[in-house]
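Each chain is listed here by its residues.
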Amino acid sequence: MHRILSTVLIALMPLFAQAADPLVYERDVRPILKANCFQCHGEEDEIEGKLDLRFVRGMLKGGESGPALVAGQGGKSLLVERVSSGEMPPGKKKLTSAELATIRRWIDDGAKTARPEPEAPSTADDLTEEERSFWSFQPIRRAPMPTIAHAELVRSPIDAFLLAKLEQHKLSFAPSADRYALVRRLSFDLHGLPPDVETVQRFVADESIDAYERLVDELLASPRYGERWGRHWLDIAGYADSDGYNEQDPERKYAYKYRDYVIRSFNNDKPWDQFIVEQLAGDELLQPPYSNLSPEQAEQLIATGFLRMGPDGTGIGGVDQNAARNEVVAEAIKIMSTSLLGLSVGCAQCHNHRYDPITQVDYFRIRALFEPAYDWKNWRAPNARLVSLWTDETRQQAAAVDAEIKELAAERLKILDGFVKEVFDREVAKLPEERRPLAQAARDTPDKERTPEQKQLLKEYPSLKVDRGSVYLYERKRVDEHNKSFDARQAELKAKRPAEDFVPCLTEVPGKIPATKLFFRGDFNSPRQDVEPGELAVLNGTAAISIPKDDPQVPTSGRRLAYARHLTNGQHPLVARVLVNRFWLHHFGRGLVATPADFGQLGARPSHPELLDWLAAEFMSNGWSLKHLHRLILNSTAYQQSSRRSAEQDAIDPENRLVGRMNVQRLDAESLRDSVLAVSGKLYEGMFGPPVPITPDEVGQIIVGVDTRDTAGRPTGKVVALHQAEFRRSLYVQTRRTTPLSMLEAFDAPDMRPNCELRNSSTVSPQSLLLMNNEFIIAQAAEMARRLEERTADRTAQVAQAWLLTAGRFPQEAQLQAALQFLDAQAAELGGVKVNEKAKTPELSPTTKALASYCQALLSSNRFLYVD
């Protein structure tokens, strides 16, 4: 009871503080009316009932039904009456009882304003001081390190900020996690994979003072790091290997180029200011036409795939093209704004944002940044946006091979024609001598010009009509030999031809800059005034910018490039905050702001605002280096805490917002599948390239494999070998928006509609059923058992190794004995060796089967599924 009461009191403290202050319109009432009433009563050209609720004077003046309020008398105010009755606002959404109580109390207290109201109605960009002063719109300020009582606990400046708040509540950090927990935590955090046995044993045995720091550096230097942390960014970027939009969901053959670019960028610790500029405007760093690109230039073009990741139905037949085109633009804006600004800018597409100070004009200012590349009236379909990576030299190589193939084809036809002549001459020789000239003449005469006599002859002797297509019937052996010689020679030539290589990117057509129109209520059929490109008005005070309409310094408009450089100039209040919060989230399981894509009014407030700003400033001042930030966080006392709960902390901070212990985190979908492959010894670590295909199996589950269904979608039973590619990391498995891999979907794989702002982590029964019955899990458990038996024949050692692989530590004595008893009992239950009648090979021995069962149990256990 005490714990619940403490939690409630902490949550209500801001409300108690607010209740002590007199209510004013701008701070307390305007947000309620803006969210529910402004669209009809103030924002649009025609004001419903001639009642403008944007100002108190408008409510006092009233509309067609008279004054909306009587200052000091809430009970006699029409506004309270209409809202209380449920008449207003219209529709299903109504004000809450708390919101109504706030309005009534404000009126009872005299309907006060914070300051004199402006004489004239506001323009679209007029914002209140309360809106401009919201925490996330303020400049980033590097706070000094706080003074704390237990300085001996500080390994990183991060610790001082966290301890300062903990000590305010008479709390401190939890004890340090043991070395087994730390090495497993670091491995999953930085690689998304369990540590191998050798790494665990080496780290636990290393008594040097810098053992932990060296392990951090070792993990950061591995290619596996870029795969793990690149996956995080691909979530918010909306990465997919298909267009989505509807059930057709066409494949994006070259989308993987962007995925590989992201992985390389993380592994190379590419500065994030450069990373952002390349993704928003990599094409504007280059000179069109985009040909003969160096590898570095190709990377810049590939980077703009970030703005091509959203669903795109414009290449699909039978859809409303105008609607589909405008949805592409809207989804690109959503991905950009949620990933970099931490704001739901898309909510202002049809009207002013109901909660945040983002106007509809603001939305179209952002849209104007992208419209030169996404000109919806002069649209380029997805395939028309592909840019070839071939150089002139590559084209010459391809042309030379094409010429050889053409020459080979001509040679083949010449030989076939020789066969045809031989057969014809042979068939003509069978005719009476007097009819042979007529047969030759019929052969040489075009079909439409033949005489009745010629046509009759060919009808009587159809063999005389032999041609390239039918000669096979007469000279089967020779034609077969010729054709085989030609597949072979043609295949050799095609193997010499350079492979097609394209980049799905965003580019502009130089010299073509369309006007951006504001759409009334978001309807593209109702264009209104022109809108110039620009920043959100609420940020103009802290992050003022002038976006060129057409920058003469670059061949394209230069709009996106100017905006990207503005975002990364070190003065923007949102970008660095949003990024470091997301990085913190992936380390601790929860951001300092719990809503990583919403730093607005409906989002959570930062638990440690000074720390958030310190991290943002530190990140930017150290070259926007993520690996620098990793080291600060990973080497902190806070990160190295145990996850063990305490009654004292739970009574005050049950959600661990103060970070007085480490959060236990479940493996995400990809890490689970990859870890199963890692412990079974089957994981294939090949990097980059086209995705591994997926296909439905006989029961409709989506699995890894080549789709061999017939044209009617029916299974054919054919199996195409993938040559170990089926065991690649999940990052490299094809991501289809409509058909995600079933195993990943069960464990909350990201839903790319259009992007994934924050992954869910559910605990539902289908997950347990999958771990018990899934063929992939069962097969990998058997592989793990074989792996253990290859390492040692000793049962005790096998159990110990199994624990090290799955849990990252040795079993306790009781757990070891229980495992050995289970293995004996299970082997006895399974009986003698049987023969698989279908494969005609011996099945696993009873002891191996028993060990496989035990391995499957470990793969299904919380010790494997969770990281503490």
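Residues numbered from 1 in each chain as written. Predicted model: local features only at pLDDT ≥ 70, side-chain atom pairs only at ≥ 80, totals over all residues. Heavy atoms only, no water.

Engineer: Describe the overall build of the protein, naming the residues involved and giving the relevant values.
Structural biologist: Secondary structure assignment for the protein yields 34 helices and 10 strands. Considering only C-alpha atoms, the protein reaches an extent of 125 × 80 × 55 Å along its principal axes. The 868 residues of the protein split such that 50% are buried. Positive and negative charge centroids in the protein, built from 110 and 122 side chains respectively, lie 2 Å apart. (Helix = DSSP H or I, 4+ residues; strand = E, 2+ residues; numbered from the N terminus. Buried < 20%, exposed > 50% of the residue type's maximum accessible area, 1.4 Å probe, protein only. Lys, Arg positive; Asp, Glu negative; His and termini not counted. Charge placed at Lys NZ, Arg CZ, Asp CG, Glu CD.)

Engineer: Quick rundown of the packing of aromatic side chains? Include the residues and the values.
Structural biologist: Overall, the coordinates contain 26 aromatic pairs when judged by the stated rule. On the numbers, 6.3 Å between centres and 45 degrees between planes, the contact of F134 with W135 is tilted. The same class applies to F134 as to W135, namely buried. Measuring from centroid to centroid gives 5.7 Å for F583 and F619, while their planes differ by 75 degrees, and the two rings are edge-to-face. Of this pair, F583 sits in helix α23 (residues 575–588) while F619 sits in helix α24 (residues 609–621), and the two are 36 residues apart along the sequence. Each member of the pair, F583 as well as F619, carries the same accessibility label: buried. (Phe/Tyr/Trp six-rings, centres within 6.5 Å; stacked < 30°, edge-to-face > 60°.)

Engineer: Summarise the packing of helix α31 (residues 795–807) against helix α32 (residues 813–830); cite the residues concerned and give the values.
Structural biologist: Each pair of packed helices can be summarised by the angle the axes make with each other and by the distance between the axes. At a closest axis distance of 10 Å, the pairing of α31 and α32 adopts a crossing angle of 120 degrees. Where α31 crosses over α32, the two elements pack in a sense that is right-handed. Within the contact between the two elements, α31 uses R795, T796, V799 and W803 and α32 uses Q815, L816, A819, L820 and L823. A per-class count over the contact of α31 with α32 returns six nonpolar, two polar and one charged. (Axes fitted to C-alpha atoms, helices over the stretch in contact; angles between N-to-C directions. Left-handed = near helix turned anticlockwise from the far one by under 90°. Contact = heavy atoms within 4.5 Å. Nonpolar A, V, L, I, M, F, W, Y, C, P; charged D, E, K, R; others polar.)

Engineer: Quick rundown of the nonpolar core? Include the residues and the values.
Structural biologist: Where a protein is soluble and globular, its nonpolar side chains tend to be buried together. Ranked by size, the top nonpolar core spans 183 residues in total, and within it W233, Y258, W272 and W584 carry the most contacts. With 10 residues, the single largest contributor to this core is helix α16 (residues 321–341). Listed in part, the 21 residues of the second largest apolar core include L23, Y25, L79 and A111. (Core = buried A, V, L, I, M, F, W, Y, C linked by side-chain atoms within 4.5 Å.)

Engineer: Which residues make up a nonpolar patch on the surface, and what values go with them?
Structural biologist: A contiguous nonpolar patch, built from Y472, L473 and Y474 and spanning about 290 Å² of accessible area, is present on the exposed surface. By the secondary structure assignment, Y472 is in the loop between α20 (452–460) and α21 (476–496). (Patch = residues over 30% accessible without salt bridge, like charges linked within 9 Å, V, L, I, M, F, W, Y side chains within 5 Å. Areas by Shrake-Rupley, 256 points an atom, 1.4 Å probe, with all protein chains shown as cover. Salt bridge = Lys/Arg side-chain N within 4 Å of Asp/Glu carboxyl O.)

Engineer: Tell me what's going on with the confidence of the model for the protein, and back it up with residues and numbers.
Structural biologist: On average, residues of the protein carry a pLDDT of 92, and 96% of them reach 70 or more. Predicted confidence for residues 1–19 stays below pLDDT 50, and this span has 11 contacts to residues more than four positions away or in other chains. (pLDDT = per-residue confidence, 0-100.)

Engineer: Could you give me a rundown of the pattern of salt bridges, with the residues and numbers involved?
Structural biologist: Here the structure, examined in full by the defined rule, presents 61 salt bridges. For R395, the salt bridge is made with D392, and the minimal N-O distance between the two is 3.8 Å. Highlighted residues: R395 and D392, both in helix α18 (residues 392–428), separated by three residues, approximately one helical turn. The shortest N-O distance in the salt bridge between D674 and R729 comes to 3.2 Å. Taken together, the positions of D674 in helix α27 (residues 669–680) and R729 in the loop between β7 (702–704) and α28 (742–746) put the pair 55 residues apart, joining distant regions of the chain.

Engineer: Any chance you could break down helix α29 (residues 765–773) for me, citing the residues and the numbers?
Structural biologist: Among the residues making up α29, those that are buried are Q767, L770 and L771. One side of α29 holds all its buried residues, which, seen down the axis, span an arc of 95 degrees. Pointing more than 90 degrees away from the buried face of α29 are the exposed residues S765, M772 and N773. Contacts made by the buried residues of α29 are with β5 (665–666), α28, α30 (775–791), α33 (846–859) and α34 (862–865). (Arc of directions from axis to C-beta.)

Engineer: Help me get a handle on the packing of helix α5 (residues 78–85) against helix α6 (residues 97–108), residues and values and all.
Structural biologist: The contact between α5 and α6 brings their axes to 10 Å, and the two run at 165 degrees. As far as their axial angle goes, α6 and α5 are roughly antiparallel. α6 is crossed by α5, and the crossing has left-handed handedness. Across the interface between the two elements, L79, V80, V83 and S84 from α5 touch L100, I103, R104 and I107 from α6. Its residues assigned to classes, the contact of α5 with α6 shows six nonpolar, one polar and one charged. (Parallel < 35°, antiparallel > 145°, perpendicular 65-115°, else oblique.)

Engineer: Please set out the environment of G705 residue by residue, giving values where relevant.
Structural biologist: Structurally, the position occupied by G705 is in the loop between β7 and α28. C-alpha of G705 to C-alpha of S84: the two residues are 621 residues apart in sequence and 60 Å apart in space. Aside from chain neighbours lying at most four places away, what touches G705 is P693, I694, T695 and L722.

Engineer: Can you lay out the side chain of E475 for me, pointing to particular residues and giving the numbers?
Structural biologist: Looking at the element boundaries, E475 is found in the loop between α20 and α21. The exposure class of E475 is buried, given its relative accessible area of 12%. A polar contact of 3.2 Å, which involves the side chain of E475, links it to the side chain of R426. Filtering out sequence-adjacent residues up to four positions away, E475 remains in contact with V423 and R426. (Polar contact = N/O pair within 3.5 Å; in protein donor to acceptor, adjacent residues only side chain to side chain.)

Engineer: Can you explain unusual backbone geometry? Please cite residues and give values.
Structural biologist: With the exception of glycine, the majority of residues adopt a negative phi angle, and the majority of peptide bonds are in the trans configuration. In the segment running from M88 into P89, the intervening peptide bond is cis, with an omega of -10 degrees. Assignment of secondary structure puts P89 in the loop between α5 and α6. Cis rather than trans, the peptide bond between P288 and P289 has omega equal to 0 degrees. Position of P289 relative to the elements: it lies in the loop between α14 (272–281) and α15 (295–303). In this model, F688 sits at a positive phi of 70 degrees, which is unusual for a non-glycine residue. For F688, the position within the fold is in the loop between α27 and β6 (694–696).

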